[in-house]
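Each chain, written out:
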Amino acid sequence: MTAQSTLAFRSLKSTHPTPQAEREAIVANPGFGKYFTDHMVSIDWTLDQGWHDAALKPYGPLMLDPASSVLHYAQEIFEGLKAYRHPDGSIWTFRPEQNAARMQRSATRLALPPLPTDLFLESIKQLVAADAAWVPGSGEMSLYIRPFMIANESFLGVRSAHRAAYYVIASPAGPYFAKGVAPVMIWLAEDHSRAAYGGTGAAKCGGNYAASLLPQQEAYENGCPQVLFLDSQEGKYIEELGGMNVFLVLKDGTLVTPELTGSILEGVTRMSIIQLARDRGHQVQERKVTVHEWREGIASGEITEAFACGTAAVVTPIAALKGRGFIAGDEHAPAGKLTMSLRQELTDIQSGRAPDRHGWMQRLV
Ligand code: COI
């Protein structure tokens, strides 16, 4: 623990919170990422002072100098985790220390200041305690928490900023995809990569997502809500989707997921699914997988299921992989059995309906 992790938070409560009826209507049908709670957290950092001035305050616009480095050179990182209401009304989150650690790795890669784990955890607790009424009842819904960090020094020279700020906002969330938990089609990006070897692919930085938007648009135009990226060197190996990791299931029950090469995000849901599957005695292979293997495996019956996973997407079945002139799988295929049963097990743990045998849950309120 560093001295800075013991920062005291100033608390400024909103004087005009969302009226109860309006809030309840939003929480009952939140969609994803559309509505935000009444408060936010901010913590400032300077090269001289380190982390300081931690505050819980009313949600509202940021004042940014137009010369702020984030606006020019994209020195920005973020995280995503969720708060779940358990049947007894208590509120919990899932493996937040993993998000804290990943944010530190992302910060290092983007030359931003790593935020101490205790400060990260405290920032989440402060916000969820203030906005506990925004955490949906249960079932498929949760409060999506979005910590992020920006470089906000007013300077146009290209170097790591000497001033940064960390924020946390939160948004009540239902399923990420418009059609709920139904199987989705995935579009194969053939002209664009998401990240290069030695680049920022393993960091959770906005730039990776910006790079995914043009191929993502092509995916939408082809009826697919997510895009699959291949490695940037050979254009052969599957890496990840625009905003989530990917798994294939073989007919003998083996799970296969792309190995972490430095250009793939190490998803918290990804690592949890690997653990849950191994607990059940399934083999899990983290290895290179070619897109050819996926297409051939569907054709031969060797691959029986595929799914996407991430904090926002949880576990989402993949019906088919589509690309220019081909479709591997059946657009109307039902969700895979193992996919749905792993999904159920994970969401049961998260929502307090099943024992937390790995000690993954942390109580917030
Ligand atoms: C998450 O799953 O938390 C993510 O960050 C994905 C995001 C693109 C919604």
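Above this note sits the structure.
Residues numbered from 1 in each chain as written. Predicted model: local features only at pLDDT ≥ 70, side-chain atom pairs only at ≥ 80, totals over all residues. Heavy atoms only, no water.

Draft legend 1. Broad picture of the packing of aromatic side chains. Counted under the stated rule, the structure contains nine aromatic pairs. Each ring, one from Phe 247 and one from Phe 307, has its centre 4.9 Å from the other, and the planes form 10°; the classification is stacked. Of this pair, Phe 247 sits in strand S12 (residues 245-250) while Phe 307 sits in strand S15 (residues 303-310); the two residues are 60 residues apart in sequence, bridging distant segments of the chain. Judged by relative accessible area, Phe 247 falls into the buried class, the value being 0%. Phe 307 sits in the buried class, given a relative accessible area of 0%. Ring pairing ties together the aromatic residues Phe 32, Tyr 144, Tyr 176 and Phe 177, which thus form one cluster. (Phe/Tyr/Trp six-rings, centres within 6.5 Å; stacked < 30°, edge-to-face > 60°. Helix = DSSP H or I, 4+ residues; strand = E, 2+ residues; numbered from the N terminus. Buried < 20%, exposed > 50% of the residue type's maximum accessible area, 1.4 Å probe, protein only.)

Draft legend 2. Focus on the side chain of Arg 194. Its place among the elements puts Arg 194 in the loop between strand S9 (184-188) and helix H5 (206-221). According to the relative accessible area criterion, Arg 194 is buried, its value standing at 6%. A polar contact is formed between the side chain of Arg 194 and the side chain of Glu 240, at a distance of 3.4 Å. Separated by 3.0 Å, the side chain of Arg 194 and the backbone oxygen of Ser 263 make a polar contact. Once residues within four sequence positions are removed from consideration, Arg 194 is found in contact with Gly 201, Asn 208, Ala 211, Phe 229, Glu 240, Leu 241, Gly 242, Ser 263 and Leu 265. (Polar contact = N/O pair within 3.5 Å; in protein donor to acceptor, adjacent residues only side chain to side chain. Contact = heavy atoms within 4.5 Å.)

Draft legend 3. Representation of the pairing of strand S10 (residues 226-230) in the model. Burial analysis of S10 places five of its five residues in the buried class, which makes it a mostly covered element. The side-chain alternation of S10 yields two buried faces, one formed by Gln 226, Leu 228 and Leu 230 and the other by Val 227 and Phe 229. The sheet contact formed by S9 and S10 spans three bridges and is parallel. Residue pairing across strands places Leu 188 opposite Leu 228, the latter belonging to S10. With H5 bridging S9 and the parallel S10, this β-α-β connection has right-handed handedness. Sheet topology places S10 next to strand S11 (residues 238-241); two bridges connect them, and they run antiparallel. Residue Leu 230 lies in a different strand from S11, and its bridge partner there is Ile 238. (Pairing = 2+ DSSP bridges. Right-handed = clockwise from strand over helix to strand, strands pointing away.)

Draft legend 4. A look at the environment of Tyr 35. Within the fold, Tyr 35 resides in the loop between helix H1 (20-28) and strand S2 (39-46). For the pair Tyr 35 and Ile 273, spaced 238 residues apart in the sequence, the C-alpha separation amounts to 29 Å. In this view, Tyr 35 contacts Ile 26, Asn 29, Pro 30, Ala 170, Ser 171 and Pro 172; residues no more than four positions away in its chain are not counted.

Draft legend 5. Geometry of the environment of Pro 136. By secondary structure assignment, the location of Pro 136 is in the loop between helix H4 (117-130) and strand S7 (142-151). Residue class for Pro 136 comes out buried when judged on its relative accessible area of 1%. With 50 residues separating them along the chain, Pro 136 and His 86 place their C-alpha atoms 9.9 Å apart. When near neighbours in sequence (up to four residues on either side) are disregarded, Pro 136 contacts Val 27, Arg 85, Met 141, Ser 142, Leu 143 and Pro 172.

Draft legend 6. A look at the site of the ligand. Neighbouring the ligand are the residues Phe 78, Gly 80, Tyr 144, Arg 146, Tyr 176, Lys 204, Tyr 209, Gly 243, Gly 310, Thr 311 and Ala 312. Side-chain polar atom of Tyr 144 to an oxygen atom of the ligand: 2.6 Å apart, as the coordinates give it. Lys 204 places a polar side-chain atom, nitrogen or oxygen, 2.7 Å from an oxygen atom of the ligand. Here the ligand, which alone exposes 290 Å², has 89% of that area covered by the protein. Here the shell around the ligand is built from residues that sort into five nonpolar, four polar and two charged. Of the residues that make up the shell around the ligand, three or more belong to each of domain 1 (9-173) and domain 2 (184-351). (Near = heavy atom within 4 Å. Areas by Shrake-Rupley, 256 points an atom, 1.4 Å probe, with all protein chains shown as cover. Nonpolar A, V, L, I, M, F, W, Y, C, P; charged D, E, K, R; others polar. Domains from an automatic or database assignment.)

Draft legend 7. Geometry of H5. For H5, with 16 residues, the first-to-last C-alpha span of 23 Å sits near the 22 Å given by 1.5 Å per residue. Where H5 bends most, at Leu 213, the angle is about 40°, and the proline Pro 215 comes one to four residues later. Along H5, the residues that are buried comprise Asn 208, Tyr 209, Ser 212, Pro 215, Gln 216 and Ala 219. Those residues of H5 that are buried lie in contact with strand S4 (76-78), S9 and S10. Positioned one or two residues after H5, Gly 223 has a phi angle of 80°, which is positive. (Expected span 1.5 Å × (residues − 1). Bend = angle between axes of the 7 residues up to and from the residue.)

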